[in-house]
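Letter by letter, the chains look like this.
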Amino acid sequence: MKNKQGMSWRTAFKINNRAISLLYKAHPQMVLSKLISIIWSSLTPYVSIYLSALIIEELSTSRNPETLKNLVLITLASSALIALISALITKWNNSQSAGMYFKCEQIFTKKLLDMDFISVDDTKTHELLSQIRQNQNGGGWGLYRVIYNYENLLYSIFTVLGGITLTISLFTSKVPESSGGYVIMNNTLFILLVVIVMLAVTFIAPSLSNKAGSYWAKNVGAHNLSNRLFGYFGFLGYKREIATDVRIYRQDLLCNKYEVNKDDAFRSKGIFAKLAKGPMGLLQAASAAVSVVSTGIVYVFVCLKSWAGAFGVGMITQYISSISKVTGGVSQFVSAAGDMKNNAVFLEQVFKFLDIPNTMYQGSLTVEKRRDRDYEVEFRNVSFKYPGADTFALSGVNIKFKVGERLAVVGMNGSGKTTFIKLLCRLYDPTEGEILLNGIDIRKYDYLDYMMIFSVVFQDFKLFSLTLGENVASGSKINEELAVDCLQKAGFGERLSEMENGIHTYLYKDYDKNGVNVSGGEAQKIAIARAIYKDAPFIVLDEPTAALDPMAEAEIYSKFNDIAGDKTAIYISHRLSSCKFCDEIAVFDHGSVVQMGTHSELVADTNGKYFELWNAQAQYYTA
Ligand code: ADP
């Protein structure tokens, strides 16, 4: 990634402000509780600094018991009150901040869910998201850090303001004229000089530290690459889906190659180790040294002024504590501001992701909830090219089908069958032509509403490590009777009856040690049950029997009419024998519909694609 050292402070603050507003909008109580808690904790220490100074002053001067008693009582009462309010604020803050990391994550998840499928499908989107996650997990950079930076910034501002209030009299109080050479400390120019030196030293330390931190932002490319490598190789061993290959091919040795690479950015010979030994380390050391000098100057000035008689011992504690807090505050302010600037480069990536436009959500028509389920879909001259592809995956497709029909879509691999379904469900919009639902372009419908009329079992469906019932119902509110009925219809009844906990059985063992592992075929049956449960007017099965054994396949076919009921069923298959029962068969070839008709009509056309496919498969099966 480009080195963004050139980003101006203004841009950096703008992007940080945008981030905090975004977090506030998503979780207002979380942000408010953090900020109020921070302001409170920055100001309260001054109460005890002020009161302690008064007590010491009283002890070292008049020693009036009545005054001392009152001061002690006020100190005790105020400490108790502060502690009580602090506890209440902390409780509020803790309850609001619980799961803060996940609250930030939700923003990304929500964006991903709302995003046009075309963007979700784009590898660039995933690369960007994975970079954002790596920045977060590797160096803590990104959205989550914004909260800490604002906390630090506010804490430092209020600390400095509180400290300055208690320090003003250090500069305004005069040493007696009788104190000889010390009267120079009453000179305005001298005071100004001291203030300037103090401020300069106070600013230099954190600036050096920020300069050291900026090497992270400068080397964001190396940082990201290394995190990606770690993110990939570091967790390969945990992945169940590759556990067999890892053993058979000893792929652990492959991963080890990465593990032992000392040149990796974070390893002993990597860029960050070199920087730590070189400029980064030097800058950090210089920053620490300058801080010590700054403390020294404060001590010398306060003690000399007291020695010369400007104020008593009690005030020494007040000034030293307050000035240390002010210098600490300034230092924290500069670090927080610098960190915000460094983090801005990472926030740019966050917003690049969050700003990916959603174009599919512009429609507003509601899909008529027809009791008779009388829907008609028409593809009119539809062509489609995948983003970045040179050739059309579909070209000039014209198809019309009514509800209640059984449509089979057949064709060789790559002929466009799945693409056709993805367009029908509006995962993509056509590049040319239009798709109509009851005569209206589907782009005019509300997107989510339109999605509700489809139940699809894609080839690459996924089940969750949740209960069987939750998987079928796609939620935690389950109509148990219906779920069992759907599982039975999908051919899972027998296996279900063997399960002690029925539909409350967990799938896989991730969250329950009694969870069950299911075979590919069984998983497909559960996915089919999920589609039936949704009870949408259209049910689409993409190669529904690919993972089923011949017995299970025959069972699904025999029940297919029952499964589809009064719905429109679209059925994709390479196996032509499984499509015979459909009312109509659309034959796809190289992205076009080359034939349509019933099985007997199509097989009679001996020059057609269907006949060719039918014969090829017949030979294959008889062989
Ligand atoms: P089928 O379902 O008939 O096997 P597909 O609809 O999956 O065929 O694919 C049709 C064509 O589109 C193929 O040439 C395939 O390589 C291409 N294709 C499918 N998905 C994508 C994608 N996400 N990006 C680019 N090309 C794709």
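Since the model is a prediction, treat every value here as computed from it, not as a measurement.

Asks: I'd like a rundown of the domain arrangement of the chain, residues and numbers included.
Replies: Structurally, the chain comprises domain 1 (9-219 + 265-354), domain 2 (370-428 + 441-453 + 539-623) and domain 3 (463-535). A separation of 53 Å is found between the C-alpha centroids of domain 1 and domain 3.

Asks: Summarise the sheet that holds strand 4 (residues 432-437); cite the residues concerned and give the values.
Replies: Ordered by their spatial adjacency, four strands build an open sheet running 2-1-4-5, and the pairing between neighbours is antiparallel. Each edge of the open sheet carries a strand with a single partner, namely strand 2 (394-402) and strand 5 (440-441). In the sheet, strand 1 (residues 376-384) pairs with strand 4 via five bridges, with the strands oriented antiparallel. Paired with Arg380 across the strands is Glu434, a residue of strand 4. Sitting on the sheet, helix 16 (residues 417-424) is in contact with strand 1, strand 2 and strand 4, with an inclination near 120 degrees to strand 1.

Asks: Before we move on, could you go through the sheet that holds strand 7 (residues 538-542) and cite the residues and values that matter?
Replies: The six strands lie next to each other as 6-7-8-3-9-10, forming an open sheet whose pairing is mixed. Either end of the sheet is taken by a strand with one partner, and the two such strands are strand 6 (454-457) and strand 10 (592-597). When the angles between neighbouring strand axes are averaged without regard to direction, this sheet yields 15 degrees. As paired elements, strand 3 (residues 406-411) and strand 8 (residues 568-573) share five bridges and run parallel to each other. In the strand pairing of strand 8, Arg406 is matched with Ala569. Sheet strands in contact with helix 16 are strand 3, strand 6, strand 7, strand 8 and strand 9 (584-589), and its direction is about 150 degrees off that of strand 8.

Asks: Would you mind going over the site of the ligand in detail, with residue names and values included?
Replies: The immediate surroundings of the ligand are formed by Asp121, Tyr386, Ala393, Met412, Asn413, Gly414, Ser415, Gly416, Lys417, Thr418 and Thr419. In this structure, Gly416 approaches the ligand through a main-chain N or O atom, which is 3.1 Å from an oxygen atom. One nitrogen or oxygen atom from the side chain of Thr419 is found 2.4 Å from an oxygen atom belonging to the ligand. Surface burial for the ligand is 60%, taken as the share of its 550 Å² of free accessible area covered by protein chains. Of the residues belonging to the shell around the ligand, the class tally is three nonpolar, six polar and two charged.

Asks: Could you give an account of the nonpolar core, with specific residues and numbers?
Replies: Core analysis: the biggest nonpolar cluster contains 44 residues, and Leu468, Leu487, Leu507, Ile526, Ile539 and Ile585 have the highest contact counts within it. Counting only domains with at least three residues in this core, you end up with domain 2 (370-428 + 441-453 + 539-623) and domain 3 (463-535). What Leu468 contacts, discounting residues up to four positions off in sequence, is Leu487, Phe492, Leu496, Met499, Gly502, Ile503, Thr505, Leu507 and Ile526. Core analysis: the second largest hydrophobic core is formed by 35 residues, Tyr375, Phe384, Tyr428 and Phe538 among them.

Scoring rules and cut-offs
- Residues numbered from 1 in each chain as written.
- Predicted model: local features only at pLDDT ≥ 70, side-chain atom pairs only at ≥ 80, totals over all residues.
- Heavy atoms only, no water.
- Domains from an automatic or database assignment.
- Pairing = 2+ DSSP bridges.
- Helix = DSSP H or I, 4+ residues; strand = E, 2+ residues; numbered from the N terminus.
- Contact = heavy atoms within 4.5 Å.
- Axes fitted to C-alpha atoms, helices over the stretch in contact; angles between N-to-C directions.
- Near = heavy atom within 4 Å.
- Polar contact = N/O pair within 3.5 Å; in protein donor to acceptor, adjacent residues only side chain to side chain.
- Areas by Shrake-Rupley, 256 points an atom, 1.4 Å probe, with all protein chains shown as cover.
- Nonpolar A, V, L, I, M, F, W, Y, C, P; charged D, E, K, R; others polar.
- Core = buried A, V, L, I, M, F, W, Y, C linked by side-chain atoms within 4.5 Å.
- Buried < 20%, exposed > 50% of the residue type's maximum accessible area, 1.4 Å probe, protein only.

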